[in-house]
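Examination of the molecular architecture
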Amino acid sequence: MSRPSRSARRLVGVAAVAAFALSGCGSSVVGVREAPSQTTTTAPITADSAQQIASRVLGKAQEARDAKGDAADTLRKEALTGTALAVATAAAKVEPADSSTATAPVERTEQPKVLAISRGTAWPRVILAQTTEPDGRLVLNLLTSPDAATPFRLSSSATMQSGASVAALDAVTAGSPLVAEDTKDPVAPAELLKAYAGALAYPKPTATKAVDTTDPFSTAVKANAAAQAKSFGKLATLTQVHTPQPDPVAIRLKDGGLLVFGLLSRTDAIKLASGGKSLTPSAEFQKLVKKKTLTKDAELRTYETVVLTVPPKGEASVVAVDQTLYSAKGA
Amino acid sequence: MSDLAKRASVLSRRILPPVLTVLGLALLIVGSWFTINLGSSGSATFETTPNTRGVVVLTPEVLNRVNDDVTVTGRAKGDGQVWVGRTTPSDADAVVGKATRVTVDGAHVRDWSLTTKASGTGDAPATLAAADVWRQAVSGKGQARLTVSQANAPESLVVAAPGGSVERVTLTVERKTWFWQALLIALIGLIATVVGIVGLTGMARRWRAAEKKNTDTEPDPTPTEVSA
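Residues numbered from 1 in each chain as written. Chains lettered and ligands numbered in written order. Predicted model: local features only at pLDDT ≥ 70, side-chain atom pairs only at ≥ 80, totals over all residues. Heavy atoms only, no water.

Some points on the overall build of chain B
- Looking only at helices and strands, chain B features 4 helices and 10 strands.
- Helices and strands in chain B line up, N terminus first, as α-β-β-α-β-β-α-β-β-β-β-β-β-α.
- Within chain B, the fraction of its 228 residues that count as buried is 43%.
- For chain B, the computed accessible surface area is about 12200 Å², with 57% contributed by carbon and sulfur atoms. (Helix = DSSP H or I, 4+ residues; strand = E, 2+ residues; numbered from the N terminus. Buried < 20%, exposed > 50% of the residue type's maximum accessible area, 1.4 Å probe, protein only. Areas by Shrake-Rupley, 256 points an atom, 1.4 Å probe, with all protein chains shown as cover.)

This is the structure in structure tokens:
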């Protein structure tokens, strides 16, 4: 069999090169591809962005705390929201100069450390950041953004108790799931706070297996109430009620447990016994109620910001807490 | 030579030259056009003039279709302030909301334009820049430019002119390979055209020779005089 002529082979060769060149115009060769789809199961913002946001928000919160008068009010509204705003505003109304019973919401000595970012593209979004107070105590700060147009603000802040620790959270880039209020796994955050509040009540606490109340704060609250009641003797009676405030925030831990930020309102009600006798309270108490003696009753209201960790199985424990007096009156 | 080989040879000699010529010319024109438009840097610049008081949203369909950096420049009418922010597509949609927007979701190479569609009502949110959704943001007087790398794809860009109008948005992709690819296509087109023309010339020569041969061998139609 004879072969095609040389000119024919040359023409076929050129045609093949041309065809290859044309096919080379395909998307892969020219570097054009389909746009990738968005991943919605990770943190919605980068770790760097979260760090910048935390620094900005906590810096503003510090400014608000240091400011006086109307300027302080404006700054508070810019930097704080939710629980943190309620606590700071209430504290400012009672006695701005007296910080003996109010723990500073934020006292930074170094850059905040971002511990977690809420997972997913939905709102609200939260950032959990840790700061260090000048005395070395660690503070857990919860920053919240309710919607796309509203920047993050500090919504809750509490100082960690000595020896307390938080179980591992998911990586910052992966994000940590926010837990719905009505979740039952391992416990409903609202139910947990209700159980904890009941366990702290005085004189009739409600026993609970949901929360361990042997931590320093819970122990001190119960001991102080008992000591105060004892000091009143037969002159007065003390009742202490802790009321959970709505909308706790819960973040899922890596092991399946929860980190719950909640707010309790504690009411200390002192009622003098009938018989015409008066009670001379301590100097601190006199300063708060602006009276030297009590003849009828007195009521103190205090916000208790609490952070609890809930393991997948077993009792929750209080890891961080702050309390701020926001109302004091007596007659 | 078998019949099949003969036919293939004849076919290739008769069909390929005109096909190569046409194809070569097409490649030469297209390659030359791209070479001239892309320049030696291989820069493709697409443009749109939305003239909107709302925002312009550039989607991943124009920002993340290539492996190279994409530079977007927003220009405001007059010397107005321009702001450009980069974020995820879902956050861009959420932060713009139902405000008036011009969405850029494609590009035409034919006229180097960006394809757009308008939607929404009302002004751009006043708090746009303050939102905590931006991975990067730049602003400038008259114009602002932001480069999108592909490391965090997919992403969207939002261009706004607070208090003014976004007059023009340009998108530039630089890929040096494109210049060389366009040049190669033009070169292949040139070669194919030349080869095709040479083939056509050969064909014409063969036809002429065949015609001449036919003419020479045909009997003279003039009747010869026959004498008795």
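From this point on, the discussion continues.
Examining the overall build of chain A
- When you go through chain A residue by residue, the secondary structure sums to 8 helices and 11 strands.
- Taken over 331 residues, chain A has a buried fraction of 45%.
- When the accessible surface of chain A is split by element, carbon and sulfur atoms take 54% of a total near 16100 Å².

Side note on the packing of aromatic side chains
Residues and elements named next belong to chain B.
- Under the counting rule described, the total for this entry stands at 7 aromatic pairs over all chains.
- Both rings, one in F179 and one in W180, keep their centres 5.0 Å apart while their planes meet at 70°; by these two values the pair is edge-to-face.
- With relative accessibility at 53%, the residue W180 sits in the exposed group.
- Through a chain of ring-to-ring contacts, three or more aromatic side chains come together here, namely W33, F34, F46 and W112. (Phe/Tyr/Trp six-rings, centres within 6.5 Å; stacked < 30°, edge-to-face > 60°.)

As for helix α4 (residues 69–79) of chain A
- Residues of α4 of chain A that are buried include every one of A72, R76 and A79 of chain A, and no others. The buried residues of α4 of chain A occupy an angular sector of 80° when projected down its axis, which confines them to one face. (Arc of directions from axis to C-beta.)

Topic: the confidence of the model for chain A
All names here are of chain A.
- In this model, chain A carries a mean pLDDT of 85, and residues with pLDDT of at least 70 account for 86%.
- At the level of individual helices and strands, chain A shows its lowest average pLDDT in helix α1 (residues 6–23), which scores 52, and its highest in strand β1 (residues 113–117), which scores 97.
- Predicted confidence for residues 96–104 stays below pLDDT 50, and this span has 16 contacts to residues more than four positions away or in other chains. (pLDDT = per-residue confidence, 0-100. Contact = heavy atoms within 4.5 Å.)

Side note on the environment of T127 of chain B
Residues and elements named next belong to chain B.
- With respect to the helices and strands, the residue T127 is situated in the loop between β6 (113–119) and β7 (136–141).
- For T127, a relative accessible area of 39% gives the class partly exposed.
- Separated by 32 residues in sequence, T127 and V95 place their C-alpha atoms 9.1 Å apart.

Overview of the pattern of salt bridges
- Within the structure shown, the criterion is met by 17 salt bridges over all chains.
- R175 of chain B is the partner of D68 of chain B in a salt bridge, and the nearest nitrogen-oxygen pair spans 3.2 Å. Linking D68 of chain B in the loop between α2 (60–63) and β3 (70–76) with R175 of chain B in the loop between β10 (166–174) and α4 (176–217), this pair joins segments that are 107 residues apart in sequence. Like D68 of chain B, the residue R175 of chain B is buried in the burial classification.
- Three or more residues joined by partner-sharing salt bridges are found here, namely D73, R76 and K77 of chain A. (Salt bridge = Lys/Arg side-chain N within 4 Å of Asp/Glu carboxyl O.)

Quick word on the pairing of strand β9 (residues 156–160) of chain B
Residue and element names in this part refer to chain B.
- A large share of β9 lies buried, amounting to 5 of its 5 residues.
- Both faces of β9 are covered, namely the face carrying S156, V158 and A160 and the face carrying L157 and V159.
- Pairing of strand β2 (residues 55–58) with β9 involves 3 bridges; the strand directions are antiparallel. Bridging across to β9, V56 finds its partner in V159.
- Note: strand β4 (residues 81–87) against β9, 5 bridges, orientation antiparallel. What sits directly across from R86, in β9, is L157. (Pairing = 2+ DSSP bridges.)

A word on the nonpolar core
All names here are of chain B.
- Ranked by size, the top nonpolar core spans 29 residues in total, and within it V56, L58, L63, V72, L157 and L171 carry the most contacts.
- Per-element tally for this core: the top contributor is β10, with 4 residues.
- Two domains share this core, each providing at least three of its residues, namely domain 1 (25–40 + 176–201) and domain 2 (43–174).
- Other than its neighbours up to four places away in sequence, L58 contacts L63, V72, V104, E155, S156, L157, V159, V169 and L171. (Core = buried A, V, L, I, M, F, W, Y, C linked by side-chain atoms within 4.5 Å. Domains from an automatic or database assignment.)

Concerning the UniProt feature "transmembrane region" (unreviewed entry) in chain B
Residue and element names in this part refer to chain B.
- As annotated by UniProt and renumbered to match this structure, "transmembrane region" (unreviewed entry) occupies residues 15–36 and 178–203.
- Between the end C-alpha atoms of residues 15–36 there is a gap of 32 Å, over a span that is 100% helix and 0% strand.
- Between the end C-alpha atoms of residues 178–203 the distance is 37 Å, and the span holds 100% helix and 0% strand. (UniProt positions renumbered as here; feature names shortened; annotations may be inferred.)

Here we look at the environment of G54 of chain B
Residue and element names in this part refer to chain B.
- With respect to the secondary-structure elements, G54 resides in the loop between β1 (43–48) and β2.
- G54 sits 65 residues away from S119 along the chain, and the two C-alpha atoms are 9.8 Å apart.
- Setting aside its immediate chain neighbours within four residues, G54 contacts T100 and V166.

Quick word on the side chain of R86 of chain B
Residues and elements named next belong to chain B.
- Among the secondary structure elements, R86 is positioned in strand β4.
- By relative accessible area, R86 is classed as buried at 11%.
- Only 2.6 Å separates the side chain of R86 from the side chain of E155, close enough to count as a polar contact.
- Those residues in contact with R86, other than ones at most four positions away along the chain, are V133, W134, R135, Q136, L146, V148, N152, E155, S156 and L157. (Polar contact = N/O pair within 3.5 Å; in protein donor to acceptor, adjacent residues only side chain to side chain.)

Points about the packing of helix α3 (residues 47–66) of chain A against α4 of chain A
Residue and element names in this part refer to chain A.
- Packing of α3 against α4 brings their axes to within 8 Å, and their N-to-C directions diverge by 160°. Taken together, the axis directions place α3 and α4 in an arrangement best described as roughly antiparallel. Crossing geometry of α3 relative to α4 is assigned as left-handed. Residues V57, K60, A61, E63 and A64 of α3 form the contact with α4, whose own contacting residues are A72, L75, R76, E78 and A79.
- By residue class, the composition of the contact of α3 with α4 is 6 nonpolar, no polar and 4 charged. (Axes fitted to C-alpha atoms, helices over the stretch in contact; angles between N-to-C directions. Parallel < 35°, antiparallel > 145°, perpendicular 65-115°, else oblique. Left-handed = near helix turned anticlockwise from the far one by under 90°. Nonpolar A, V, L, I, M, F, W, Y, C, P; charged D, E, K, R; others polar.)

Overview of unusual backbone geometry
- The omega torsion of the bond from W123 of chain A to P124 of chain A falls at 5°, within 30 degrees of zero and hence cis.
- Counting through the fold element by element, P124 of chain A comes out in the loop between β1 and β2 (125–132).
- Residue A153 of chain B is joined to P154 of chain B through a cis peptide bond whose omega torsion reads 0°.
- Topologically, P154 of chain B is positioned in the loop between β8 (143–148) and β9.
- With a phi angle near 65°, D247 of chain A is a residue other than glycine that sits in the positive phi range.
- Position of D247 of chain A relative to the elements: it lies in the loop between β7 (236–244) and β8 (249–252).
- The exposure class assigned to D247 of chain A is exposed, which follows from its relative accessible area of 56%.
- Even without a glycine there, the phi angle at N51 of chain B is positive, about 45°.
- As for its position among the elements, N51 of chain B is in the loop between β1 and β2.

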